[in-house]
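# Descriptive structure summary
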Amino acid sequence: MSQLPHFTSKAFLAPMAGVSDPALRIMCKKMGAGLVVTELTSVNAIVAKHKQLESQSKNITEFIEFSEKERPLSIQLFGSDIPALEKAAKIVSPYFDMIDYNMGCPAPHITKQMAGGALLQNSDLTREIFRTLVNTVKKPISLKMRMGVTEENKSLFLEISKIAEQEGIQMITLHPRTVSQGYSGHSDWDMIKKLKQNVSVPVVGNGDITSPEIAKKVLDYTGCDYIMIGRGAMGNPFIFEQINDYLECGTYKHYSLTDKLEAFVTYLELTSQYNIRFANIKQQAIRFTKGTVGGAQLRNRLSTTKNIDELKELLIQKVTA
């Protein structure tokens with residue numbers, strides 16, 4: 001069985017649709033993320049796109065873009081069509097260091113396909129999915145999941161985690177909310193603690209980790225091996241450096257609005273190398289200015305920009321003002 005890659009820190013970047021694009025992943029990696037994960041990708045889309053690209057003598061990296069600077073890099077897959085899953089895993093495995101399987105997404109357009117968090121209710125299909133992935137590729141397979149679908153079955157993760165371990169899944173990330181909660185309420189870190197006590201593979205704690213202090217608290221309280229940052233890293237790649245410094249020496253650097261704007265200009269320069277929608281880039285700009293003095297006024301102006309040049313001009317004016 002292949003081994004997990006070496007992680008240079010305990011803090012990982014979560015896969016986030018429309019957010020964790022290659023440019024942001026590179027920045028998070030430079031700031032000290034131990035692992036970055038692509039946005040979740042449909043196995044059926046990979047199979048269909050591969051067929052199309054192959055006819056043009058191209059490969060799947062035209063569809064799922066990444067940089068060598070991101071390694072170790074994981075790709076997150078979703079979908080429960082077993083033949084498509086097997087094909088997709090074979091297509092992507094030469095390019096990525098790990099494959100992560102999504103059993104946590106609460107979005108209705110995902111769960112109605114018997115994918116994402118909905119799979120927590122189907123242990124037989126889940127076992128088949130894990131077995132297929134582990135037997136199809138030589139790269140390590142990890143799992144990201146929610147704790148249950150509703151409050152009534154919020155301990156489903158315990159059964160699924162045992163199946164995962166039995167079938168050769170090498171790392172498990174738990175976001176301790178139910179599917180029905182979406183992103184409301186609070187993460188139940190006691191469940192991460194339970195998972196750590198339930199399995200022998202490395203456990204990654206995820207959910208509401210928005211500061212270095214909270215990161216340390218989750219690690220200490222749950223005993224988990226790593227932590228995964230999602231919304232806390234939106235517009236804030238600095239959080240990885242801050243967490244690493246805080247875990248090592250108890251202090252960390254604070255960043256100003258100017259620092260964040262300068263970082264965003266760097267992000268903007270990176271986006272030119274990838275096929276990232278302008279609407280997504282503009283949303284990233286808005287996130288970079290949140291929680292800062294003068295940010296609200298700037299966000300209003302950012303929201304009216306119509307292209308990259310306007311966005312860049314506005315930010316450079318602000319940085320040099």
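Scroll up a little and you will see the structure.
Each chain has its residues counted from 1, following the order in which its sequence is written. Thresholds applied to this predicted model are a pLDDT of at least 70 for local features of residues and 80 or more for the giving and counting of side-chain atom pairs; totals over whole chains, interfaces and linings are not thresholded and use all residues. Hydrogen atoms and water are omitted, and side-chain values are computed over all heavy atoms in the structure.

## Notes on the overall build of the protein
What counts here: What counts as a helix is a DSSP run of H or I of at least four residues, what counts as a strand is a run of E of at least two, and both are numbered from the N terminus. As defined in this context, the radius of gyration uses C-alpha atoms, and a globule is described by 2.2 Å times the residue total to the power 0.38. Burial classes follow relative accessibility: with a 1.4 Å probe on protein chains only, a residue under 20% of its type's maximum area counts as buried, one over 50% as exposed, and anything between as partly exposed. Note on contacts: a residue pair qualifies if any of its non-hydrogen atoms lie within 4.5 Å across the two residues. Two residue types count as positive, namely Lys and Arg, and two as negative, namely Asp and Glu; His and chain ends fall outside the count. Taken as the charge location is NZ of Lys, CZ of Arg, CG of Asp or CD of Glu.
Summing up its helical and strand segments, the protein has 13 helices and nine strands in all. For 321 residues, the compact-globule formula gives about 20 Å, and the C-alpha radius of gyration of the protein, at 20 Å, lands near that figure. In terms of principal-axis extent, the alpha carbons of the protein reach across some 60 × 50 × 35 Å. Within the span of the protein, comprising 321 residues, buried residues form 56% of the whole. Residue pairs at least 24 apart in sequence account for 68% of intrachain contacts in the protein once pairs closer than 6 positions are excluded. Charged side chains of the protein number 38 positive and 33 negative; the gap between the two group centres comes to 2 Å.

## Side note on unusual backbone geometry
Residue Pro 72 follows Arg 71 across a cis peptide bond; omega there is 0°. Located in the positive-phi region is Asp 208, a residue other than glycine, with phi close to 65°. Structurally, the position occupied by Asp 208 is in the loop between β8 (203-206) and α8 (212-222).

## Brief notes about the packing of helix α7 (residues 189-198) against α8
Between two packed helices, the angle of one axis relative to the other and the distance separating the axes together describe the packing. Where we set the bar: A fitted line through C-alpha atoms serves as each axis, taken over the contacting stretch for helices, and the angle formed by two N-to-C directions is quoted from 0 to 180°. Should an angle fall under 35 degrees it is taken as roughly parallel, and over 145 as roughly antiparallel, whereas 65 to 115 is taken as roughly perpendicular and any remaining angle as oblique. Should the near helix be turned anticlockwise from the far one by less than a right angle, the crossing is termed left-handed; should it be turned clockwise, right-handed.
The geometry of α7 relative to α8 is characterised by a closest axis approach of 9 Å and an angle of 45° between their N-to-C directions. Of the possible angle classes, the one that applies to α7 and α8 is oblique. The two elements α7 and α8 cross, and the hand of that crossing is right-handed. Two secondary-structure elements touch here, α7 through Trp 189, Asp 190, Ile 192, Lys 193 and Lys 196 and α8 through Ile 214, Lys 217, Val 218, Tyr 221 and Thr 222.

## Digging into the packing of aromatic side chains
Under the convention used in this document: Pairing of aromatic rings covers Phe, Tyr and Trp, the last counted by its six-membered ring, and requires centre-to-centre distances within 6.5 Å; plane angles under 30 degrees mean stacked, over 60 mean edge-to-face, and any other angle means tilted.
On inspection of all chains with the given rule, the structure shows nine aromatic pairs. With a centroid separation of 4.8 Å and an interplanar angle of 25°, the aromatic rings of Phe 12 and Tyr 226 are classed as stacked. In this pair, Phe 12 is assigned in strand β1 (residues 11-13) and Tyr 226 in strand β9 (residues 226-229), connecting sequence segments 214 residues apart. Taking the centre distance of 6.2 Å and the plane angle of 35° together, the rings of Tyr 267 and Phe 288 count as tilted. Of the two residues, Tyr 267 is situated in helix α10 (residues 257-271) and Phe 288 in helix α11 (residues 278-288); the sequence distance between them amounts to 21 residues.

## Looking at the pairing of strand β7 (residues 171-178)
Here is the key point about a regular strand: its side chains alternate between the two faces of the sheet. For the record, the criterion: If DSSP finds at least two bridges between two strands, the strands pair. Handedness of a crossover is defined as follows: orient the strands so they point away from the viewer, and if the path from the first strand over the helix to the second runs clockwise, the crossover is right-handed.
Extensive coverage of β7 is indicated by the burial of eight of its eight residues. Judged by which residues are buried, β7 turns out to be covered on both faces: Met 171, Thr 173, His 175 and Arg 177 on one side and Ile 172, Leu 174, Pro 176 and Thr 178 on the other are all buried. Where strand β6 (residues 141-148) lies against β7, six bridges are found, and the strand directions are parallel. Bridge pairing in β7 places Lys 144 opposite Thr 173. Handedness of the crossover is the feature at issue here: the chain leaves β6, passes through helix α6 (residues 156-166), returns alongside β7, and the resulting connection is right-handed. Inspection of the sheet shows β7 paired to β8 by three bridges, in the parallel sense. When the bridges of β8 are listed, Leu 174 appears paired with Gly 205. Taken together, β7, α7 and β8 form a β-α-β motif whose crossover is right-handed.

## Quick look at the packing of α10 against helix α13 (residues 308-320)
Running from N to C, α10 and α13 cross one another at 150°; their axes reach a closest spacing of 10 Å. Considering their axes alone, α10 and α13 lie roughly antiparallel with respect to each other. Once α10 is placed against α13, the crossing between them reads as left-handed. Seen from α10, the contacting residues are Leu 257, Leu 261, Glu 262, Phe 264, Val 265, Leu 268 and Glu 269; seen from α13, they are Ile 308, Leu 311, Lys 312, Leu 315, Ile 316, Lys 318 and Val 319.

## Remarks on the pattern of salt bridges
Here is the rule we go by: Between Lys or Arg on one side and Asp or Glu on the other, a salt bridge is scored when a side-chain nitrogen of the former is within 4 Å of a carboxyl oxygen of the latter.
Inspection of the entire model under this criterion finds 12 salt bridges. The closest approach of N and O atoms between Arg 71 and Glu 68, which form a salt bridge, is 2.7 Å. When the shortest N-O distance is used, the salt bridge between Glu 167 and Arg 127 registers 2.8 Å. Residue Glu 167 is found in the loop between α6 and β7, and its partner Arg 127 is found in helix α5 (residues 123-136); the two are separated by 40 residues along the sequence.

## What about the nonpolar core?
Our working definition: Note on terminology: a nonpolar core comprises buried Ala, Val, Leu, Ile, Met, Phe, Trp, Tyr and Cys residues joined through side-chain atoms within 4.5 Å.
Core analysis: the largest hydrophobic core is formed by 93 residues, its most contacted members being Phe 130, Leu 143, Met 145 and Ile 227. Per-element accounting of this core gives the leading share, eight residues, to α10. If we ignore the near neighbours within four places in the chain, the residues touching Leu 143 are Asp 100, Tyr 101, Met 103, Phe 130, Ile 160, Ala 164, Ile 169, Met 171, Ile 172 and Thr 173. Within the second largest apolar cluster, 10 residues are counted, among which are Phe 7, Phe 12, Ala 14 and Val 37.

## Quick word on the side chain of Arg 177
For clarity, the cut-off: Any N or O atom pair separated by 3.5 Å or less is treated as a polar contact, with the protein-specific requirement of one donor-capable and one acceptor-capable atom, and with residues adjacent in sequence counted only for side-chain atom pairs.
Note on placement: Arg 177 falls in strand β7. Polar side-chain contacts of Arg 177 include one of 2.9 Å to the backbone oxygen of Gly 185. Here Asp 208 takes part through its side chain, which lies 2.9 Å from a polar atom of the side chain of Arg 177. Not counting residues within four places of it along the chain, the set of residues in contact with Arg 177 comprises Arg 146, Met 147, Gly 148, Gly 182, Tyr 183, Ser 184, Gly 185, His 186, Ser 187, Asp 208 and Arg 231.

## A few points about α5
Three- or four-residue spacings in an α-helix give side chains the same orientation, since the helix completes a turn every 3.6 residues. Applied cut-off: Every helix has an expected span of 1.5 Å times one less than the residues it contains.
Under the 1.5 Å per step criterion, the end-to-end length of α5 is 20 Å for 14 residues, consistent within 8% with the ideal 20 Å. Buried within α5 we find Leu 125, Thr 126, Ile 129, Phe 130, Thr 132, Leu 133, Val 134 and Thr 136. Tucked into the core, α5 has its buried residues touching α3 (82-92), β5 (98-103), β6 and α6.

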